[in-house]
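Here is how the chains run, residue by residue.
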Protein chains: 2
Amino acid sequence: MFDNRMNEYTSFQNLKISTCFSGIKKSPNNEHDLLLIEFEKASSVAGVFTKSLTSSASVNQCRDCLNSEEQSTVRAIVVNSGNANAFTGEKGEETVLEIRKFLSYKLNCNINQVYTASTGVIGEQLDSSKIINHIKNLSPYDPPNWSEAAKAIKTTDTFPKIAKRTCKIDNAKIEIVGIAKGSGMIAPNMATMLGFLFTNANLPSNVLQKILEIENEKTFNSITVDSDTSTSDTVLLSATRTANHVPINKYSDKRLKDFKKNISSLMLELAQLIVIDGEGASKFITIKLEGASSTKSAKKIAFSVANSPLVKTAIAGEDANWGRIIMAIGKSGEKANRDKIKIYIGNELVTSNGMVSKNYSEQKATEHLKQKEIILTIDVGVGKSKATVYTCDLTHKYIEINADYRS
Amino acid sequence: MFDNRMNEYTSFQNLKISTCFSGIKKSPNNEHDLLLIEFEKASSVAGVFTKSLTSSASVNQCRDCLNSEEQSTVRAIVVNSGNANAFTGEKGEETVLEIRKFLSYKLNCNINQVYTASTGVIGEQLDSSKIINHIKNLSPYDPPNWSEAAKAIKTTDTFPKIAKRTCKIDNAKIEIVGIAKGSGMIAPNMATMLGFLFTNANLPSNVLQKILEIENEKTFNSITVDSDTSTSDTVLLSATRTANHVPINKYSDKRLKDFKKNISSLMLELAQLIVIDGEGASKFITIKLEGASSTKSAKKIAFSVANSPLVKTAIAGEDANWGRIIMAIGKSGEKANRDKIKIYIGNELVTSNGMVSKNYSEQKATEHLKQKEIILTIDVGVGKSKATVYTCDLTHKYIEINADYRS
């Protein structure tokens, strides 16, 4: 389904990538755990973050950076894996501040132009000197190597996640590249969904922000592995503005159509890669929810199905136990017309008129469940709103990863 | 912790219990699957039901019965296991109606005095003639045998669930007895939480209803095995009114103090038995949530922790991975003061001042997690409201029961 082998390089100008092994992540092979992205010139930036109320120090300070000016800009993004610097109190906040101070001094920029993200163990203090000392000695890849960037932010991910698109704004060639990490909420220690997106488009921060927020709802906010939410989820979108077109200052500008379409599909690809790498996942599940009273309601019902342990285990067992889907629709608390609900497993119509469909073939439904990619289409029969969410099944492997481990 | 061996009998008057094997449940040993409770005289009755919007035919009609008169009464309760008669369309509703018509004819009572409940497979039509024909030939236990009643409503429960209390209203001896079933939301086919409570107290239906609703919130509505909600959850409370005291017509009457206390503890015992019998459960977990901004908020946070697969697997693995608890508090979306959160694993203080506690001993926390009964106490530091919820861990056995099965 997904081809993650791709050119590691882009023709990005004004952007440097460096990585190294700093020792923050316990890695027997000295896998890189520190990523630095430097922008030669102030670039526009947008961000979306975890809704967790126990968010990490990095998340808090990124939010502050974005709110510091009407048009925020970025000069550097530092990411470490191995330690989430979450729930580390005031000291944790100071650690982030020290790193940002050092980089603003090094790059001769405002401290609010330095963004950070951390992923890994919760509750352990992060040693800022480890990061600062290693940053001093970094030398950038030439040309910028996105594959190495994607590798450096992994925790228990089994593969690096990169996606790339090219499109046009006016006649200018626009490149978009994104890296992400995440594979559940995550073993052996809780981890995180991180995404970093870059483009050369000439767009100001407020336009980027609106694009990111809208597309995020349909992509990173439409996936679930185990319903758990990290303290550190972060997606940043930066634009070097080096593309050769006049700046576009309105979200609604029609010249952005192609760009929006491409960033949307890039974000969806990264989001789906995270689900595919979900802990213990053996199947990729798409839930298409239709006929709801509102988009919000559609999404809530879809997530109720996607997060139901009974639905997820039934799919793991390739068991067409559709009663569990009915149950999950019902427990969402959202409007649904029992007698108009239609459920399809693959192309097989399971229910209609409030009961099992006359021509339902359990054999055909089971055949679909034997595939790697499962599609459940559900119409709840009350309106015209839709939502699609993506998830994986719940297997022994998930328990193994998350319970059979001793810290 | 719980002693479920108890006298099978009560000195209830005016109440008959019959059970039999009707063949609705696929049982190689002909385990009884049909329960009939007959009240010689019209008894007062109260009920609470699933909030699922895809609720079963029995649930719908029980609700109608309760709403049919200001002071509803009951003459019979019929329960079958093996088939939930849920998502069976209009035909399913007719099936319930036929059973109720037959019994109202047999007992010469109003059809609204006949209550039903079904638990078992979803989506299959229930054969009303099987129930009706067997009811014709039933002969009641003499004296009424609660143990047999509890057995007849089991699906995949590994043991029958009964609790009993005696207390006083004025000088009259009051007996309360309850039976329940449920063990997750449930394998191999989805099942249900059912509870039937009986007393000889002389209380009208409106007082029973208020007591039931209030106590239900602290008991059956404070447990979770896997966050899934059945289409058929039903708790009925009936009172024969044969006890020798003047009727009490107000919920707030102080003479009800002892009764309320006892019915509360009886309902809690039954609720906890359901959690103990939770699918694959190896540990019983109590989550005491304190310092919340409201009771509703306290309950929501407590359930966020109780339903988190990462918290449940950590406890299964006896791993003091408290970062997952922080995550679960944060993802609830409810008010919490990160820097004032206190988490105790057993008696061991894990966090304070927004970070790991100075004297925290992981060894002591782990020792507690090796017990069968786990207590997590969490203060979120924003108010004075509390809630306690009960759950179990998430183990390989849960996956085995729910995924390794083929229908």
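Residues numbered from 1 in each chain as written. Chains lettered and ligands numbered in written order. Predicted model: local features only at pLDDT ≥ 70, side-chain atom pairs only at ≥ 80, totals over all residues.

### Let's talk about the overall build of chain A
Phase 1: A tally of regular secondary structure across chain A gives 11 helices and 15 strands.
Phase 2: Scaling as 2.2 N^0.38, a compact globule of 407 residues should have a C-alpha radius of gyration of about 22 Å, and chain A matches this with 22 Å.
Phase 3: In terms of its C-alpha atoms, chain A occupies a principal-axis envelope of roughly 70 × 55 × 35 Å.
Phase 4: Expressed as a percentage of its 407 residues, the buried residues of chain A come to 59%.
Phase 5: Counting only contacts in chain A whose residues sit at least 6 apart along the sequence, the fraction spanning at least 24 positions is 80%. (Helix = DSSP H or I, 4+ residues; strand = E, 2+ residues; numbered from the N terminus. Rg over C-alpha atoms; globule rule 2.2 N^0.38 Å. Buried ≥ 20, exposed ≤ 12 C-beta atoms within 10 Å, placed from the backbone. Contact = placed C-beta atoms within 7 Å.)

### Some remarks on the sheet that holds strand S10 (residues 284-292) of chain B
Phase 1: Read across the open sheet, the seven strands follow the order S8-S15-S10-S14-S11-S12-S13 (chain B); overall the sheet is mixed. In this open sheet, the two edge strands, each paired with only one partner strand, are strand S8 (223-224) and strand S13 (355-356) of chain B. (Pairing = 2+ DSSP bridges.)

### Here's the deal with the interface of chain B and chain A
Phase 1: The partner chain A presents 56 residues to the 55 residues of chain B that form the contact.
Phase 2: Of all the secondary-structure elements, those providing two or more residues to the side of chain B that touches chain A are helix H8 (309-316), helix H9 (323-331), S13 and helix H11 (396-403) of chain B.
Phase 3: Considering every element that reaches the side of chain B that touches chain A, the biggest residue donor is H9(B), with seven residues.
Phase 4: Among the residues forming the side of chain B that touches chain A, the class breakdown is 21 nonpolar, 24 polar and 10 charged. (Nonpolar A, V, L, I, M, F, W, Y, C, P; charged D, E, K, R; others polar.)

### Some words on the environment of Ala42(B)
Residues and elements named next belong to chain B.
Phase 1: Counting through the fold element by element, Ala 42 comes out in strand S2 (residues 34-49).
Phase 2: Along the primary structure Ala 42 and Asn 202 are separated by 160 residues, whereas in three dimensions their C-alpha atoms are 12 Å apart.
Phase 3: Aside from chain neighbours lying at most four places away, what touches Ala 42 is Thr 73, Arg 75 and Gln 113.

### Notes on the confidence of the model for chain A
Residues and elements named next belong to chain A.
Phase 1: Per-residue confidence for chain A gives a mean pLDDT of 90, with 94% of residues at or over 70.
Phase 2: Of the regions scoring below 50 in pLDDT, residues 1-5 engages in eight contacts with residues more than four places distant in sequence or in other chains.
Phase 3: In this model, residues 186-190 is a region of pLDDT below 50 whose contacts with residues beyond four sequence positions or in other chains number 22 contacts.
Phase 4: What the predictor reports for the complex is a pTM of 0.84 with an ipTM of 0.78. (pLDDT = per-residue confidence, 0-100.)

### Points about the relation of the copies chain B and chain A
Phase 1: For the pair chain B and chain A, the superposition axis carries a translation of 0.0 Å, the fit reaches an RMSD of 0.0 Å, and the rotation angle comes to 180°. This pairing of chains is accounted for by a two-fold axis. Among all C-alpha atoms of chain B, that of His396(B) lies closest to the rotation axis, at 3.0 Å.
Phase 2: A shared binding surface is used by both copies, with 100% of the interface residues of chain B retained as interface residues in chain A. (Least-squares fit on C-alpha atoms with pLDDT ≥ 70 in both.)

### A look at helix H5 (residues 205-218) of chain B
Phase 1: An ideal rise of 1.5 Å per residue puts 20 Å on 14 residues; H5(B) measures up with 20 Å between its terminal C-alpha atoms.
Phase 2: Packing partners of the buried residues in H5(B) comprise S2, strand S3 (73-83), strand S9 (234-239) and helix H6 (257-276) of chain B. (Expected span 1.5 Å × (residues − 1).)

### Here's the deal with the domain arrangement of chain A
Residues and elements named next belong to chain A.
Phase 1: Per the domain assignment, the segments of chain A are domain 1 (15-276) and domain 2 (284-403).
Phase 2: Between the C-alpha centres of domain 1 and domain 2 the distance comes to 33 Å.
Phase 3: Secondary structure elements with two or more residues in the side of domain 1 that touches domain 2: strand S8 (223-224) and helix H6 (257-276).
Phase 4: Here the side of domain 1 that touches domain 2 gets four residues from one element, more than from any other, and that element is H6.
Phase 5: The residue inventory of the side of domain 1 that touches domain 2, partitioned by class, reads six nonpolar, four polar and no charged. (Domains from an automatic or database assignment.)

### Structural notes on unusual backbone geometry
When glycine is set aside, most residues are seen to have a negative phi, and most peptide bonds are trans.
Phase 1: The peptide bond linking Asp142(A) to Pro143(A) adopts the cis configuration, its omega dihedral lying at 0°.
Phase 2: Tracing the sequence through the fold places Pro143(A) in the loop between helix H3 (128-136) and helix H4 (146-152).
Phase 3: Even without glycine at this site, Asn30(B) takes up a positive phi of about 55°.
Phase 4: Mapped onto the elements of the fold, Asn30(B) is located in the loop between strand S1 (15-20) and S2.
Phase 5: Not every positive phi belongs to a glycine, and Asp170(B) is a case in point at roughly 50°.
Phase 6: Assignment of secondary structure puts Asp170(B) in the loop between strand S5 (161-169) and strand S6 (172-181).

### What to know about the packing of helix H8 (residues 309-316) of chain A against helix H9 (residues 323-331) of chain A
All names here are of chain A.
Phase 1: It is the contact of H8 with H9, at a shortest axis distance of 9 Å, that shows an interaxial angle of 155°. As summarised for this structure, H8 and H9 are arranged roughly antiparallel, according to the angle between their axes. The two elements H8 and H9 meet at a crossing, and its hand is left-handed. In contact with Leu 310, Val 311 and Ala 314 of H8, H9 contributes Arg 324, Ile 325, Met 327 and Ala 328. (Axes fitted to C-alpha atoms, helices over the stretch in contact; angles between N-to-C directions. Parallel < 35°, antiparallel > 145°, perpendicular 65-115°, else oblique. Left-handed = near helix turned anticlockwise from the far one by under 90°.)

### Thoughts on the packing of helix H7 (residues 295-307) of chain B against H9(B)
Residues and elements named next belong to chain B.
Phase 1: Between H7 and H9, the shortest axis-to-axis distance is 8 Å and the interhelical angle comes to 135°. Our classification of the angle between H7 and H9 gives oblique. Where H7 crosses over H9, the handedness of that crossing is right-handed. Residues Ile 301, Ser 304 and Val 305 of H7 lie in contact with H9, whose contacting residues are Ile 325, Ala 328, Ile 329 and Lys 331.
Phase 2: Here the residues of the contact of H7 with H9 sort into five nonpolar, one polar and one charged.

### Remarks on the sheet that holds strand S14 (residues 373-379) of chain A
All names here are of chain A.
Phase 1: What the seven strands build is an open sheet, ordered S8-S15-S10-S14-S11-S12-S13; its pairing is mixed. Looking at strand neighbours, the two that pair on one side only are S8 and strand S13 (355-356), the edges of this open sheet.
Phase 2: Here four bridges tie strand S11 (residues 342-345) to S14, and the two strands are oriented antiparallel to one another. Within S14, the position partnered with Lys 342 by the bridge is Asp 379.
Phase 3: Across the face of the sheet, helix H7 (residues 295-307) comes into contact with S8, strand S10 (284-292), S14 and strand S15 (385-392) while running at roughly 25° to S15.

### A look at the pairing of S10(B)
All names here are of chain B.
Phase 1: Pairing of S10 with strand S14 (residues 373-379), which is carried by seven bridges, proceeds in the parallel orientation. The residue of S14 that forms the bridge with Ile 287 is Leu 376.
Phase 2: Pairing geometry for S10 and strand S15 (residues 385-392), over seven bridges, is antiparallel. Bridging across to S15, Phe 284 finds its partner in Cys 392.

### Some details on H7(A)
All names here are of chain A.
Phase 1: With 13 residues, H7 extends 18 Å from end C-alpha to end C-alpha; this agrees with the ideal 18 Å at 1.5 Å per step.
Phase 2: Within the span of H7, buried status applies to Ser 297, Ala 298, Lys 299, Ile 301, Ala 302, Phe 303, Ser 304, Val 305, Ala 306 and Asn 307.
Phase 3: Those residues of H7 that are buried are in contact with S8, S10, H8, H9, S14 and S15.

### Overview of the environment of Ala302(A)
Residues and elements named next belong to chain A.
Phase 1: Inspection of the secondary structure puts Ala 302 in helix H7.
Phase 2: The sequence separation of Ala 302 and Thr 388 amounts to 86 residues, and the corresponding C-alpha distance is 7.1 Å.
Phase 3: Here Ala 302 is in contact with Ile 287, Leu 289, Ala 387 and Val 389, once residues within four sequence places are set aside.

### Comments concerning the environment of Lys26(A)
Residues and elements named next belong to chain A.
Phase 1: On the secondary structure map, Lys 26 appears in the loop between strand S1 (15-20) and strand S2 (34-49).
Phase 2: Given 11 C-beta atoms within 10 Å, Lys 26 falls into the exposed group.
Phase 3: In this structure the C-alpha to C-alpha distance between Lys 26 and Ser 81, which are 55 residues apart in sequence, comes to 9.7 Å.

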